[in-house]
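Notes for the structure review
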Amino acid sequence: MALGRPRRLYDEIHELGRPPHRRSAAFDKLMSEPDDFLRDRLRPAPQSGPVGPPPRPQPGEPRPAPPQRPAPPHPAGPSQRPSWSELDFAPRGEPARRPPGPSYGWRRVVYKATFGLVNPGPSAGEKQAAAYEATIGATLRGNYKVGVLGKGGVGKTTVAASVGSIFAELRRQDRVVAIDADTAFGRLGSRIDPRTNGSYWEIAADKDLRSFADVSTRVGSNAAGLYVLAGEPTAGPRRVLDPALYREATSRLDRHFTIAIIDCGSTMDAPVTQEALSDLDALIVVSSPWADGAGAAAQTMEWLTAHGRSGLLNRTVVVLNDSDGHSDKRHRSVLANQFVERGQKVVQVPFDPHLRPGGVIDVKSELARTTRGRFLEISATIAGFFAARPQSSREPR
């Protein structure tokens, strides 16, 4: 019997490798508690192969219910469909634009050296220039005229050409013209376009000036887009400009130009200057940075007040123009304060070698950065005067 027990145990273990079947009671009796580990180890592992067909139900057993399949979705009716008007074609997730890099100075060096990874941003000067440019380029309705006054030799014509060029450069949607109303051999044309050969007399005499293409053949222009109507022609017999001729020519130009910069004469009592002053929306009074020039500018202010033009005085900018570079900062500040204390806007234009020799003025490429900034300030102040005028004053003349 002792030898039969291991044999029977072997047979029972061997049976474990076969498909499951009902275990015999003898096997459970023979397996002792120490042999339980053999029972766990020799238990057949679950089959990982393909699952065979389920066993057939025995006769008399109930059949299992088949699995329920989800019902197909019902098509949406006309009232359940989304409306075509609810479609949203707005762009999704546009990448944020990089802020522009600095234009000059050490900020520009850092921006370029780091390939744009480090952007210090624009300087205070760049931000101020951008604000001036935005003011100059603001929308305008109607047309406007700006007079430029000053005694001879203070840079009156230079300021007129520079301010006009700034407006033309930053207001490409409009047309800007500079008009020479100085009867004492004005030289505005030489500072803008020396090749121009048109004049007041041709503009007034030509009855076929209906389109801008017709007018453009009678005026000159520069790279900034500023047009110019020259004064007295340099060749031929001298002809004197009178108020009627000035009025006729400028009224024709008003049909095609939004802004006109009038380079007036040096004498306030001149008939043409009187005619020009009666039709201005803003005024620039140019003075040298010396006592005699500032005294002449002060006399201009007194004349405007005495002749009932205090409204125009409130829309006046005083420009202290250092045309030779010999004035000192302290003296300029003293003169500027004299006008500021009386409520006048004052802009100091420093000496610039590009403006000194004469010839065509290039405000975009040749002017020093500081000089251009001052002309931006002058032009922005004038544009602010335009915006402050009543709506009735902005109607085309």
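Here the structure is shown first, and the text comes after it.
Now for a quick tour of the structure. (Residues numbered from 1 in each chain as written. Predicted model: local features only at pLDDT ≥ 70, side-chain atom pairs only at ≥ 80, totals over all residues. Heavy atoms only, no water.)

**Describing empty space enclosed by the protein**
Empty space left among the atoms is revealed by rolling a probe the size of a water molecule over them. Which entries qualify depends on this criterion: Of the two site types, the cavity is a set of points on a 1 Å grid over the protein atoms alone where a 1.4 Å probe fits but cannot get out, and the pocket is an open set with protein on both sides within 12 Å along at least five of seven lines, each lined by residues with an atom within 4 Å of a point. Grid points are joined across faces, edges and corners, and a volume is the space filled by probe spheres set on the points. Under the scheme applied, nonpolar residues are Ala, Val, Leu, Ile, Met, Phe, Trp, Tyr, Cys and Pro; charged residues are Asp, Glu, Lys and Arg; polar residues are all the others, including Gly.
Counted under the stated rule, the structure contains one cavity of 30 Å³ or more. Estimates place the volume of the largest cavity at around 40 Å³. When grouped by side-chain class, the residues that make up the lining of the largest cavity number four nonpolar, one polar and two charged.

**Describing the pattern of salt bridges**
So the rule is basically this: One side-chain nitrogen of Lys or Arg within 4 Å of one carboxyl oxygen of Asp or Glu is enough to make a salt bridge. Segments assigned H or I by DSSP are reported as helices when at least four residues long, segments assigned E as strands when at least two residues long, and all are numbered from the N terminus. For every residue, the accessible area obtained with a 1.4 Å probe (protein chains only) is divided by the maximum for its type, and the residue is called buried under 20%, exposed over 50%, and partly exposed between those limits.
In the structure shown here, the tally under the stated rule is 14 salt bridges. With its nearest N and O atoms 3.4 Å apart, the salt bridge here joins glutamate 202 to arginine 218. Residue glutamate 202 is found in helix α8 (residues 200-205), and its partner arginine 218 is found in the loop between α9 (212-216) and β3 (220-221); the two are separated by 16 residues along the sequence. For glutamate 202, a relative accessible area of 29% puts it in the partly exposed group. On the accessibility criterion, arginine 218 (26% relative accessible area) is partly exposed. Residues participating in the shared-partner salt-bridge network are Lys145, Asp254 and Asp279.

**A word on the sheet that holds strand β8 (residues 345-349)**
Quick reminder of the rule: Strands are treated as partners if at least two bridges between them are detected by DSSP. Any pair of residues with heavy atoms lying within 4.5 Å of one another is described as a contacting pair. Fitted lines through C-alpha atoms serve as axes, helices being fitted only where they are in contact, and the angles separating the N-to-C directions of these axes extend from 0 to 180 degrees.
Strand order in the open sheet made by the eight strands is β3-β4-β2-β5-β1-β6-β7-β8, with mixed pairing throughout. For this open sheet the edge positions go to β3 and β8, each flanked by a neighbour on one side alone. As paired strands, strand β7 (residues 316-321) and β8 are joined by five bridges and run parallel to one another. Its bridge partner lying in β8, valine 317 is registered against lysine 345. In this fold helix α15 (residues 369-388) packs onto β1 (144-149), β5 (259-264), β6 (282-287), β7 and β8, with an angle of close to 155° to the strand it touches most, β8.

**Thoughts on the layout of surface pockets**
There is about 350 Å³ of room inside the second largest pocket. For the second largest pocket, the lining is made up of 23 residues, of which Gly153, Val154, Gly155, Lys156 and Thr158 are closest to its centre. Sorting elements by how many residues they give to the lining of the second largest pocket places helix α6 (residues 156-170) first, with three residues.

**Quick word on the packing of aromatic side chains**
Filter applied, for reference: Each aromatic pair joins two rings of Phe, Tyr and Trp (for Trp, the six-membered one) with centres within 6.5 Å, and gets the label stacked for planes under 30 degrees apart, edge-to-face for over 60, and tilted for any other angle.
Overall, the coordinates contain seven aromatic pairs when judged by the stated rule. Measuring from centroid to centroid gives 6.2 Å for phenylalanine 167 and phenylalanine 386, while their planes differ by 35°, and the two rings are tilted. A residue pair is termed long-range when its members are at least 10 positions apart, and phenylalanine 167 in helix α6 and phenylalanine 386 in helix α15 qualify at 219 residues. Across this residue pair, the class does not change: phenylalanine 167 and phenylalanine 386 are buried. Ring geometry for tyrosine 227 versus phenylalanine 257: centroids 5.6 Å apart, planes at 65°, classification edge-to-face. A residue pair is termed long-range when its members are at least 10 positions apart, and tyrosine 227 in strand β4 (residues 226-229) and phenylalanine 257 in the loop between α10 (243-253) and β5 qualify at 30 residues. Clustering of aromatic rings is evident, with ring pairs tying together Tyr144, Phe167 and Phe386.

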